[in-house]
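Structural overview for review
Chain by chain, the residues run as shown.
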Amino acid sequence: MSEQPANYSANAVAPSPIELTIPDDCAGSRLDQALARLLPDFSRNRLARWIRRHQVTLDGQPAVPRRKVWGGEKIRVVPAPEPHEIAFRPQDIPLDIVFEDEALLVVNKPAGLVVHPGSGNWQGTMLNALLKHAPQLAHLPRAGIVHRLDKDTSGLLVVAKTLSAHADLVRQLQARSVTREYLAVVHGRVARDGKVDAPVGRHPVNRKRMAVVARGKPAITHYQVVERFAQATLLRCRLETGRTHQIRVHLSSIGHPLIGDPVYGGKKAGARLGTVPFSRQALHAEKLALVHPSTRRTRIWHAGLPRDMRELIAALSAS
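Summarised in this report is the structure supplied together with it. (Residues numbered from 1 in each chain as written. Predicted model: local features only at pLDDT ≥ 70, side-chain atom pairs only at ≥ 80, totals over all residues. Heavy atoms only, no water.)

1. Some details on the overall build of the protein chain
Here is the rule we go by: Elements are defined by DSSP. Helices are runs of H or I of four residues or more, strands are runs of E of two residues or more, and each kind is numbered from the N terminus. Exposure is judged per residue with a 1.4 Å probe applied to protein chains only, and the accessible area is read against the type maximum: over 50% gives exposed, under 20% gives buried, and values in between give partly exposed. The contact definition used throughout considers only heavy atoms, calling two residues in contact when any of these lie within 4.5 Å. In these tables, accessible area is a Shrake-Rupley quantity obtained with a 1.4 Å probe, and a residue counts as shielded only by the protein chains included in the view.
Tallying secondary structure elements over the protein chain gives 7 helices and 15 strands in all. Split into buried and exposed, the 319 residues of the protein chain put 46% on the buried side. Put simply, of all contacts in the protein chain between residues at least 6 apart along the chain, 64% involve residues at least 24 apart. With the model as given, the accessible surface of the protein chain reaches about 16300 Å², and the carbon-plus-sulfur share is 49%.

2. As for unusual backbone geometry
A positive phi angle is found at Ala 143, which is not glycine, with a value near 55°. Relative to the helices and strands, Ala 143 is located in the loop between helix H4 (126–133) and strand S7 (154–160). At Arg 296, a position not held by glycine, the phi torsion is positive, near 65°. Its location among the elements puts Arg 296 in the loop between strand S14 (283–291) and strand S15 (298–302).

3. Thoughts on the side chain of Gln 91
To keep it simple, the criterion reads: Here a polar contact is taken to be a pair of N or O atoms separated by no more than 3.5 Å, where protein atoms must pair a possible hydrogen donor with a possible acceptor and residues adjacent in sequence count only if both atoms sit in side chains.
Considering the arrangement of structural elements, one finds Gln 91 in the loop between helix H3 (83–86) and strand S5 (97–100). Owing to a relative accessible area of 6%, Gln 91 belongs among the buried residues under this scheme. A polar contact is formed between the side chain of Gln 91 and the backbone nitrogen of Gly 124, at a distance of 2.7 Å.

4. Re the nonpolar core
Let me state the cut-off plainly: Only buried Ala, Val, Leu, Ile, Met, Phe, Trp, Tyr and Cys residues count toward a nonpolar core, and they belong to the same one when joined by side-chain atoms within 4.5 Å.
Core analysis: the biggest nonpolar cluster contains 32 residues, and Met 126, Leu 130, Leu 137, Tyr 182, Leu 235, Cys 237 and Leu 251 have the highest contact counts within it. Of all the secondary structure elements, the ones that give two or more residues to this core are strand S6 (104–109), H4, S7, strand S8 (179–187), strand S12 (220–228), strand S13 (232–239), helix H6 (246–253) and S14. Counting residues per element, this core draws most heavily on H4, at 4 residues. In contact with Leu 251, other than residues within four places in its own chain, are Ala 184, Val 186, Leu 235, Cys 237, His 256, Pro 257 and Leu 258. One finds Ile 22, Leu 35, Ile 51 and Ala 63 within the second-largest nonpolar core, a separate group that totals 18 residues.

5. Topic: the packing of aromatic side chains
Note the following rule: Each pair of aromatic rings taken from Phe, Tyr and Trp, with Trp reduced to its six-membered ring, is defined by centres within 6.5 Å and is described as stacked if the planes are under 30 degrees apart, edge-to-face if over 60, and tilted in the remaining cases.
Summed over all chains, the structure comprises 2 aromatic pairs. Where Phe 99 meets Trp 301, the ring centres are 5.3 Å apart and the plane angle is 45°; that geometry is what we call tilted. Taken together, the positions of Phe 99 in strand S5 and Trp 301 in strand S15 put the pair 202 residues apart, joining distant regions of the chain. You'll find Phe 99 and Trp 301 in the same group, each marked buried.

6. Describing the pattern of salt bridges
Heads up, the rule is: In what follows, salt bridge is the name for a side-chain nitrogen of Lys or Arg lying within 4 Å of a carboxyl oxygen of Asp or Glu.
Summed over the entire model, instances satisfying the criterion amount to 13 salt bridges. Asp 32 is paired through a salt bridge with Arg 30; the nearest N and O atoms lie 3.1 Å apart. A salt bridge links Asp 168 to Arg 171, with the nearest nitrogen and oxygen atoms 3.8 Å apart. In this pair, Asp 168 and Arg 171 both sit in helix H5 (residues 163–174), 3 residues apart, roughly one turn of the helix. Salt bridges sharing partners connect three or more residues here, namely Asp 150, Arg 248 and Asp 261.

7. What to know about the sheet that holds strand S4 (residues 74–77)
Stated formally: Strand pairing is assigned whenever DSSP detects at least two bridges linking the two strands. Note on method: axes are straight lines fitted to C-alpha atoms, helices fitted across the in-contact stretch only, with angles between N-to-C directions ranging 0 to 180 degrees.
Pairing is antiparallel in the open sheet, where 4 strands are placed in the order S1-S4-S2-S3. Each edge of the sheet is formed by a strand with only one pairing partner; in this case those strands are strand S1 (18–21) and strand S3 (61–62). Strand direction decides the pairing type here: S1 and S4, joined by 4 bridges, are antiparallel. Within S4, the position partnered with Ile 18 by the bridge is Val 77. Along the sheet face, helix H1 (residues 31–38) touches S1, strand S2 (56–58) and S4 and points at about 70° away from the line of S4.

8. Thoughts on the packing of H1 against helix H2 (residues 44–52)
Here is the rule: Roughly parallel here means an angle under 35 degrees, roughly antiparallel means over 145, roughly perpendicular means 65 to 115, and every remaining angle is called oblique. Take the far helix as the reference: if the near one is turned anticlockwise from it by less than a right angle, the crossing is left-handed, and if turned clockwise, right-handed. Gly counts as polar in this scheme, as do all residues outside two lists: the nonpolar Ala, Val, Leu, Ile, Met, Phe, Trp, Tyr, Cys and Pro, and the charged Asp, Glu, Lys and Arg.
Contact pair H1 / H2: the axes reach a minimum separation of 10 Å and the direction vectors enclose 125°. Compared by their axis directions, H1 and H2 come out oblique. The way H1 lies across H2 gives a crossing that is right-handed. Seen from H1, the contacting residues are Asp 32, Gln 33, Leu 35 and Ala 36; seen from H2, they are Arg 44, Leu 47 and Ile 51. Within the contact of H1 with H2, the residues separate by chemical class into 4 nonpolar, 1 polar and 2 charged.

9. Some remarks on the side chain of His 250
With respect to the secondary-structure elements, His 250 resides in helix H6. Setting aside anything within four residues of it in sequence, one finds His 250 in contact with Val 196, Ala 198, Val 200, Val 212, Ala 219, Ile 220 and Thr 221.

10. Regarding the pairing of S6
The buried fraction of S6 amounts to 6 of the 6 residues, a majority that puts the element mostly inside the structure. What you see with S6 is no split at all: Leu 104, Val 106 and Asn 108 on one side and Leu 105, Val 107 and Lys 109 on the other are buried throughout. Sheet topology places S5 next to S6; 3 bridges connect them, and they run antiparallel. Note on S6: the bridge partner recorded for Ile 97 is Val 107.

As structure tokens, then:
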């Protein structure tokens with residue numbers, strides 16, 4: 001049913017290996033000590049990590065840090081930069097650009113593309129793609145990115161191309177004057193339009209999740225029924241605030257989690273609606289409206305549903 005996410009990290013450049021011969025004056029030293037002497041540009045901690053990760057071989061065999069060397073041994077080191085050192089490198093990743101001028105970029109992000117580098121996703125992000133497309137973004141905070149979408153959420157994102165545009169967009173987001181509307185397919189039949197006004201913060205037990213918690217930040221999501229199916233509902237959601245995972249948390253809190261949501265779907269996450277499987281949260285940022293920082297005119301952009309969500313809705317209608 002759903003398309004397989006692209007491997008956006010596949011075009012990372014592999015580092016060139018370093019080949020050394022242990023000199024005689026290192027005889028009797030431990031390997032890690034000899035490497036620290038021969039490769040002074042790298043810290044001892046970094047060299048130790050490379051050894052632990054089997055990026056160093058001694059005479060063709062995985063190296064052991066405390067092994068003694070006696071001179072003449074052949075060392076091969078495959079350097080690897082620390083993740084944060086490569087996070088802001090340009091990468092040739094295609095972008096679906098909906099709009100671009102001197103101040104703004106509006107991008108239709110595909111599902112599977114991480115927006116900003118972070119733990120576990122240091123390369124292959126939309127930020128890396130933006131730096132390739134517009135190198136001047138390297139001089140802006142977060143390469144001009146002022147708001148995000150989850151990795152497996154598709155749809156519209158705005159990116160600032162100048163410092164003044166960045167500041168203006170941040171002010172609009174803080175003033176809640178940016179319109180962001182999403183299409184969501186949820187479990188169950190939602191009876192009527194409504195609003196969830198519930199604070200969102202870190203889950204008290206599982207810190208990798210968000211939850212409705214009393215001490216969370218204020219969060220408001222409006223939802224409108226677009227179409228009902230036998231076991232699901234298509235909703236249009238409008239954000240007043242932009243908390244992490246807000247729509248996913250709010251809809252789950254009222255008993256209608258997103259189809260395919262592995263984190264907030266509970267037992268329903270892996271369920272099948274009849275013959276309909278879906279491997280990501282069924283959420284798409286369909287509409288974006290804001291005041292253009294330069295012209296001061298309201299601009300509105302739309303992005304049609306991606307194929308996997310169109311197929312999901314068609315299958316639900318048929319069933």
